[in-house]
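An overview of the molecular structure
Residues per chain are reported as follows:
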Amino acid sequence: MAETTTAPVPSDHIMGVYARAPLAFERGDGVRLYTADGEEYLDCMAGIAVTALGHNHPKLVAAVKDQAEKLWHTSNIFRIPQQEKLAKLLTDNTFADVCFFTNSGAEAIECAIKTARKYHWSKGQPERIDIIGFDGSFHGRTIAAIFAANNPSYVEGFGPPPPGFVGAKFGDLEGLKELVGPTTAAILLEPVQGEGGARSWTEAELKAIRQLCDETGTLLIYDEIQCGLGRTGKLFAHEWADAPPDIMAVAKALGGGFPVGACLATAEAARGMTPGSHGSTYGGNPLAMAVGVASVEELVKPELLAHVREVAGYLNQQLTGLKERFPDVVLDIRGKGLLIGVKLATPNREFMQHARDQHLLIAGGGDNCVRLLPPLVLSLEEAREAIQRMERACEAAQAKARAAVPA
Ligand SMILES: *Cc1c(COP(=O)(O)O)cnc(C)c1O
């Protein structure tokens, strides 16, 4: 029999680091994905908050095609006009003065950590190397990123923790104050935790952390790789709290599916990042930057952000209704904007299968959550459809739970 990419048995030739669903897609359009057999799925995970403008967006496709026919790659030893344009767009719309472009989120985090340490070194305080991170965080899969987040299941087997990473408890401001000391370089957090199960810091907490950083000369690094670029209904999630960082990592939606990441910083925080101190072969190449420009030009539009807030309000209200109707399945609705966490009483992996049975794609998350991370362009009509499919998934989960418990 011919081997196909939709075969239920995955390839032996791919390193087995993912427990993959037995499902493959051939094409996408807006919020829909289609298998080779033409089966349609409603995509409410957007490649984990990546395809924020939906699949096959005409402006992104045009940007790739146009740039692909001109020039893909030169090197960062030359000026790259598309990169200068994207950096201007990002700095015009944020706290930041400068950007470094990467190919992924983890690399943007690496750059953020290096920038913070080099800042203190450049000020004659080389002992300030500690990065304080929080439980439930996710910052990517490099050695530095896994130890910064310190999720036990992601660091296990990868050797001893390198020096300079300190773990703090999410939401515990008093504990955090105790941890900040003479060797602290920076506090690193996601304003809304993604993988951790859509847990949001409150506006008051972010303001207090900003103040703590100011008082102690500590840099504040935000990881807005998942919660940034419109997902919460503001361009960046921290804007809700009016507590800007010194350094910020972004990625995911930045390229709308093309690999693009960036580390943003104030000029002061980036003072140590001088010629030769950091680099990337591919980061910021003309092809990636052309897509990044097209993507950000759409994401900064106030009407898109208003749309996100409207659809998020509708989904939140409807999901709260499902929580009331299915109390033995849904325990809590959390998150911000279109980074929605649904905490379940039944196993989340099973629930994702129930949703897939309804041709609805949703993501998993920590704390037994599933996450809804739809494209930001999801219409109210499509949101209604997503809720209908969620409702049927809840029915299936409830039936299964009840069948398992003898009356
Ligand atoms: C996805 C993600 C990362 C890692 O990004 P990669 O592109 O996979 O390296 C880091 N932080 C957060 C919050 C993320 O959601």
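Residues numbered from 1 in each chain as written. Predicted model: local features only at pLDDT ≥ 70, side-chain atom pairs only at ≥ 80, totals over all residues. Heavy atoms only, no water.

Hydrogen bonding along the main chain pairs the strands of a sheet, whether they run parallel or antiparallel. One open sheet accounts for four strands, arranged 1-2-3-15; its pairing is mixed. The outermost strands of the open sheet, each flanked by one partner alone, are strand 1 (27-29) and strand 15 (360-361). By the bridge criterion, three bridges tie strand 2 (residues 32-34) to strand 3 (residues 40-43) in an arrangement that is antiparallel. Residue pairing for strand 3: Tyr34 is matched across the bridge by Glu40. Sheet strands touched by helix 12 (residues 380-404): strand 2, strand 3 and strand 15. Its angle to strand 3, the strand with the most contacts, is close to 105 degrees. (Pairing = 2+ DSSP bridges. Helix = DSSP H or I, 4+ residues; strand = E, 2+ residues; numbered from the N terminus. Contact = heavy atoms within 4.5 Å. Axes fitted to C-alpha atoms, helices over the stretch in contact; angles between N-to-C directions.)

This brings us to the pattern of salt bridges. Considering all chains together, one arrives at 24 salt bridges under this definition. Beyond isolated ion pairs, a larger network of salt bridges with shared partners links Arg32, Glu40, Glu385 and Arg389. (Salt bridge = Lys/Arg side-chain N within 4 Å of Asp/Glu carboxyl O.)

In this section: helix 12. Helical geometry note: an α-helix holds 3.6 residues per turn, so side chains three or four residues apart project in the same direction. Across its 25 residues, helix 12 extends 36 Å between first and last C-alpha, which sits within 8% of the 36 Å expected from 1.5 Å per residue. Within the sequence span of helix 12, burial applies to Glu382, Ala383, Ala386, Ile387, Arg389, Met390, Ala393, Cys394, Ala397 and Gln398. (Expected span 1.5 Å × (residues − 1). Buried < 20%, exposed > 50% of the residue type's maximum accessible area, 1.4 Å probe, protein only.)

A few words on the nonpolar core. Core analysis: the largest hydrophobic core is formed by 80 residues, its most contacted members being Ile187, Val342, Phe351 and Ile362. Among the elements that take part in this core, helix 10 (residues 302-325) stands out by supplying nine residues, more than any other. In this structure, Ile131, Phe147, Ile247 and Ala270 belong to the second largest nonpolar core, which totals 28 residues. (Core = buried A, V, L, I, M, F, W, Y, C linked by side-chain atoms within 4.5 Å.)

Time to look at the site of the ligand. Close contacts around the ligand come from Ser104, Gly105, Ala106, Phe138, His139, Gly140, Glu190, Asp223, Ile225, Gln226 and Lys252, and that covers them all. Contact distances for the ligand include 2.7 Å between a nitrogen atom and a side-chain N or O atom of Asp223. Contact with the protein chains hides 81% of the accessible area of the ligand, taken as 390 Å² for the molecule alone. Along the lines of polarity and charge, the residues of the shell around the ligand split into three nonpolar, five polar and three charged. (Near = heavy atom within 4 Å. Polar contact = N/O pair within 3.5 Å; in protein donor to acceptor, adjacent residues only side chain to side chain. Areas by Shrake-Rupley, 256 points an atom, 1.4 Å probe, with all protein chains shown as cover. Nonpolar A, V, L, I, M, F, W, Y, C, P; charged D, E, K, R; others polar.)

Entries for the protein in the domain assignment read domain 1 (27-43 + 302-403) and domain 2 (58-299). Measuring from the centre of the C-alpha atoms in domain 1 to the corresponding centre in domain 2 gives 28 Å. With 21 residues of domain 1 at the interface, the matching set in domain 2 holds 22 residues. Summed over both partners, the interface of domain 1 with domain 2 comes to about 1600 Å²; 60% of that surface belongs to carbon and sulfur atoms. Joining domain 1 to domain 2, the criterion identifies two salt bridges. Summed over the shared surface of domain 1 and domain 2, the result is seven residue pairs in polar contact (both at pLDDT 80 or more). Elements with a contribution of two residues or more to the side of domain 1 that touches domain 2: helix 10, strand 13 (330-336), strand 14 (339-344) and strand 17 (369-372). (Domains from an automatic or database assignment. Buried area = accessible area lost by both parts, 1.4 Å probe.)

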